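Residues per chain, in single letters:
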Amino acid sequence: MEIDKLFGVKGKVVLVTGGGRGIGFMISQGFVRNGATVYIASRSKKECDKAAEELTAAGPGKCVALSSANISTAEGRKKVVEELSSLEDHLDILVNNSGCTWGMPIEDFTESAWDKVMDLNVKALFFLTRDLLPLLQKKATAVDPARVINLGSIDGIRIPTLETYPYSASKAAVHQLTRVLANRLASMNITVNAVAAGPFESKMMAETLRTFGELLKANVPRGRIGEPEDIAGACIFLGSRAGAFLTGAVIPLEGGILSAARL
């Protein structure tokens, strides 16, 4: 039970949606630096190309940018699946990271804003996972299953302070969908888990951190926001031999926020 065998991901084939920036970049970096081949996809090809070049240069694994695609649409998901299928005959780890948020007073909240968040955060996750099942099953075994890692949020567990109604609802849906998929896909030798992330430095969190950064840190029992090693470490654990027997879990990665006493 050597440590490199327990937690090693060298040679694994990984797809990270939204892997060109923020938490997706952190996760991609963790896998590449531990020898995996990582494919990243998002709507911005320029962003993905830049990220892939940077990650590959650091090695020892490599990162490949797929063509730009909006995975909240059926056409975008088809593009990602077809391109990945032309480059690889299997997929070891799918990280459903792409997501968005939208804040607006309840009196003004629009249906289009609601739909945009739900389409990307929930619908895209489900249908992309479904469409990638043939690649995920290809080399999956009982001892070394394929992995699906969904990015959830503590706002899908607690009541958020901001008026981001569809975001918190979508992340709660991601957590439950994770459990349902874990149950359904277990017989296919595919595990499905979610990471309920707390505050990390990302484009989505940028404005919140600028406005409430110090207050936010003060409310995290660990005294800081998440760092790249935190999210990368959780995903590497889930993607390695060490995490092969875990499925249907929603892992809180939030520095103790959920367990902190509120006065």
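Residues numbered from 1 in each chain as written. Predicted model: local features only at pLDDT ≥ 70, side-chain atom pairs only at ≥ 80, totals over all residues. Heavy atoms only, no water.

Colleague: Help me understand the sheet that holds strand 6 (residues 190–197), please; the structure alone is not making it clear to me.
Modeller: Taken in spatial order, the 7 strands make up an open sheet running 3-2-1-4-5-6-7, and their pairing is parallel. The outermost strands of the open sheet, each flanked by one partner alone, are strand 3 (62–65) and strand 7 (250–253). Pairs of neighbouring strands in the sheet enclose a mean axial angle of 20°, with direction left out of account. Summarising the sheet, strand 5 (residues 146–153) and strand 6 pair through 8 bridges and their orientation is parallel. Bridging across to strand 6, Ala146 finds its partner in Ile190. (Pairing = 2+ DSSP bridges. Helix = DSSP H or I, 4+ residues; strand = E, 2+ residues; numbered from the N terminus. Axes fitted to C-alpha atoms, helices over the stretch in contact; angles between N-to-C directions.)

Colleague: How should the side chain of Asn121 be read in this particular structure?
Modeller: Within the secondary structure, Asn121 sits in helix 5 (residues 111–131). Setting aside residues up to four positions removed in sequence, Asn121 forms contacts with Ser98, Gly99, Cys100, Tyr167, Ser170, Lys171 and Val174. (Contact = heavy atoms within 4.5 Å.)

Colleague: Would you explain unusual backbone geometry in this entry?
Modeller: Most of the time, phi is negative for any residue but glycine, and the peptide bond is trans. With an omega of 0°, the peptide bond between Gly59 and Pro60 qualifies as cis. Looking at where Pro60 falls in the secondary structure, it is placed in the loop between helix 3 (45–58) and strand 3. Phi at Asn189 takes a positive value of approximately 60°, unusual for a residue other than glycine. Turning to its location among the elements, Asn189 is positioned in the loop between helix 7 (165–185) and strand 6.

Colleague: Looking at this structure, I do not really get the side chain of Ser28. What am I missing?
Modeller: Looking at where Ser28 falls in the secondary structure, it is placed in helix 2 (residues 22–32). Once residues within four sequence positions are removed from consideration, Ser28 is found in contact with Val16, Gly19, Val38, Ile40 and Leu55.

Colleague: Mind showing me how you'd approach the pattern of salt bridges here?
Modeller: Should their charged atoms come close, side chains of opposite charge can pair. Evaluation of the coordinates by the stated rule reveals 10 salt bridges. Across the pair Asp49 and Lys45 runs a salt bridge, and its minimum N-O distance is 2.6 Å. With Asp49 and Lys45 both in helix 3, this residue pair falls 4 residues apart, about one helical turn. Take Lys45: its relative accessible area is 29%, and that puts it in the partly exposed class. Measuring nitrogen to oxygen at the nearest pair gives 2.9 Å for the salt bridge that ties Arg158 to Asp155. (Salt bridge = Lys/Arg side-chain N within 4 Å of Asp/Glu carboxyl O. Buried < 20%, exposed > 50% of the residue type's maximum accessible area, 1.4 Å probe, protein only.)

Colleague: Hey, could you run me through empty space enclosed by the protein in this one?
Modeller: Following the criterion strictly, the structure yields 1 cavity of 30 Å³ or more and no others. Along the walls of the largest cavity sit Thr17, Ile71, Asn96, Ser98, Leu120, Asn121, Ala124, Leu125, Leu151, Lys171 and Val174, which together make up its complete lining. Going through the elements one at a time, helix 5 and helix 7 are the ones with two or more residues in the lining of the largest cavity. For the lining of the largest cavity, the leading source of residues is helix 5, giving 4 residues. (1 Å grid on protein atoms, 1.4 Å probe; cavity = no way out; pocket = protein on both sides within 12 Å on 5 of 7 lines; lining within 4 Å. Points joined across faces, edges and corners; volume = space filled by probe spheres on them.)

Colleague: I keep staring at the pairing of strand 1 (residues 13–17) and nothing clicks. Help me out?
Modeller: The side chains of a regular strand alternate, first on one face of the sheet and then on the other. Taking burial as the measure, the 5 residues of strand 1 include 5 buried ones, the bulk of the element. Judged by which residues are buried, strand 1 turns out to be covered on both faces: Val13, Leu15 and Thr17 on one side and Val14 and Val16 on the other are all buried. With 5 bridges connecting them, strand 1 and strand 2 (residues 37–41) associate as parallel partners. By the bridge assignment, Thr17 is partnered in strand 2 with Ala41. Following the backbone out of strand 1, through helix 2 and into the adjacent parallel strand 2, one traces a crossover that is right-handed. Summarising the sheet, strand 1 and strand 4 (residues 93–96) pair through 3 bridges and their orientation is parallel. Its bridge partner being in strand 4, Val16 is matched across the sheet by Val95. (Right-handed = clockwise from strand over helix to strand, strands pointing away.)

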